[in-house]
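Listed here are the chains, written in short residue letters.
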Amino acid sequence: CNDGCPNDVNKLEAGTCGCGNPDDDTDGDGVADCNDGCSTDPLKTAPGICGCNNSDDDADGDGTLACVDACDNDANKITPGQCGCGFLETDTDGDGTVDCEEECPNDANKLLPGTCGCGVSDGDSDGDGHIDCEDVCPFDHTKVFSAGVCGCGVADSDTDGDGTLDCQDECPQDGMKVVAGQCGCGSGEPDTSGDGLSDEIDTDGDG
């Protein structure tokens, strides 16, 4: 007459869970197992979105719970993408390749530095077989390692063979002169009178 659960050898009264059901609290969270949707998870009494034994936290505060966020410590991503968690999928130079997969993220013409480095073309403007960044005269196919005496775009030739380069010779076609003198290129400078004036311009009749 004093047994509230005459058919339950483990109980004298119904308790929280009723006769035939133990009032155990397996996870020790203060909620009996019969009323605890997550009886082995002390932090939950219902599965929530992530299920028992999985937190419903949003670690990175991006609005997506950690259990469904493949990048739960990256507020900018919920999937790793090409670059992985913690790295943006940015294509800074707009060349169609994300920054994390190229070595020249600020050079739209290159993915790798090549010989000349990022931001510098590996082109050969004058077609001499030497790329511009290694060519002192990138627009002069006759010069590569030095501009020479006359500079890029000007040949270091000595047309008249007088030992003076054309670019320094006022008379590049006259092997006897490097300056035009009083008579000009191609003409000698005779001074019969010895007065310092060539015969061609000496008209005072003294020879």
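Just above, that's the structure.
Residues numbered from 1 in each chain as written. Predicted model: local features only at pLDDT ≥ 70, side-chain atom pairs only at ≥ 80, totals over all residues. Heavy atoms only, no water.

Caption draft 1: The overall build of the protein, seen in detail. Within the protein one finds zero helices and zero strands. Relative to a compact globule of 207 residues, whose C-alpha radius of gyration would be 17 Å, the protein shows 47 Å and is clearly more extended. For the protein, the spread of C-alpha atoms along the principal axes amounts to about 165 × 30 × 20 Å. Residue burial in the protein is summarised as follows: out of 207 residues, 25% are buried. The long-range share in the protein, meaning contacts at least 24 apart out of those at least 6 apart in sequence, stands at 0%. Summed over all atoms, the accessible surface of the protein reaches about 12,800 Å², with 51% contributed by carbon and sulfur. Positive and negative side-chain charges of the protein, numbering 6 and 52 respectively, have mean locations separated by a distance of 8 Å. (Helix = DSSP H or I, 4+ residues; strand = E, 2+ residues; numbered from the N terminus. Rg over C-alpha atoms; globule rule 2.2 N^0.38 Å. Buried < 20%, exposed > 50% of the residue type's maximum accessible area, 1.4 Å probe, protein only. Contact = heavy atoms within 4.5 Å. Areas by Shrake-Rupley, 256 points an atom, 1.4 Å probe, with all protein chains shown as cover. Lys, Arg positive; Asp, Glu negative; His and termini not counted. Charge placed at Lys NZ, Arg CZ, Asp CG, Glu CD.)

Caption draft 2: Inspection of the state of the cysteines at higher detail. In this structure the tally under the stated criterion is 11 disulfides. Here Cys 17 pairs with Cys 34 through a disulfide, and the sulfurs are 1.9 Å apart. Between Cys 17 and Cys 34 the sulfur-sulfur dihedral comes to about -80°; the bridge is accordingly left-handed. Here Cys 171 engages in a disulfide with Cys 185; their sulfurs sit 1.9 Å apart. (Disulfide = S-S within 2.5 Å.)

Caption draft 3: Main features of the pattern of salt bridges. Per the counting criterion, the structure on display carries five salt bridges. Ionic pairing is found between Lys 11 and Asp 23, a salt bridge with its closest N-O pair at 3.3 Å. With relative accessibility at 33%, the residue Asp 23 sits in the partly exposed group. As a salt-bridge pair, Asp 56 and Lys 44 come within 3.4 Å of each other at their nearest N and O atoms. Look at Asp 56 and you get partly exposed, because its relative accessible area is 28%. (Salt bridge = Lys/Arg side-chain N within 4 Å of Asp/Glu carboxyl O.)

Caption draft 4: Main features of the environment of Val 136. Taking relative accessible area as the criterion, Val 136 reaches 45% and is therefore assigned partly exposed. Spatially, the C-alpha atoms of Val 136 and Gly 151 are 9.8 Å apart, while their sequence positions differ by 15 residues. Excluding residues that lie within four positions of it along the chain, Val 136 makes contacts with Val 144, Phe 145, Ser 146, Ala 147 and Cys 152.

Caption draft 5: Spotlight on the environment of Glu 102. Glu 102 gets classed as buried once you look at its relative accessible area, which sits at 7%. Spatially, the C-alpha atom of Glu 102 lies 9.5 Å from that of Asp 91, the residues being 11 residues apart in sequence. Ignoring sequence-local partners within four residues, the contact set of Glu 102 consists of Asp 91, Asp 93, Asp 95, Thr 97, Asp 107, Lys 110 and Leu 111.

Caption draft 6: Representation of the side chain of Asp 126. Although buried, Asp 126 forms no salt bridge, and the nearest oppositely charged side chain, Lys 143, lies 11 Å from it. Polar contacts involving the side chain of Asp 126 include one to the main-chain amide nitrogen of Asp 140, which spans 3.2 Å. What Asp 126 contacts, discounting residues up to four positions off in sequence, is Asp 132, Asp 135, Cys 137, Pro 138, Phe 139, Asp 140, His 141 and Lys 143. (Polar contact = N/O pair within 3.5 Å; in protein donor to acceptor, adjacent residues only side chain to side chain.)

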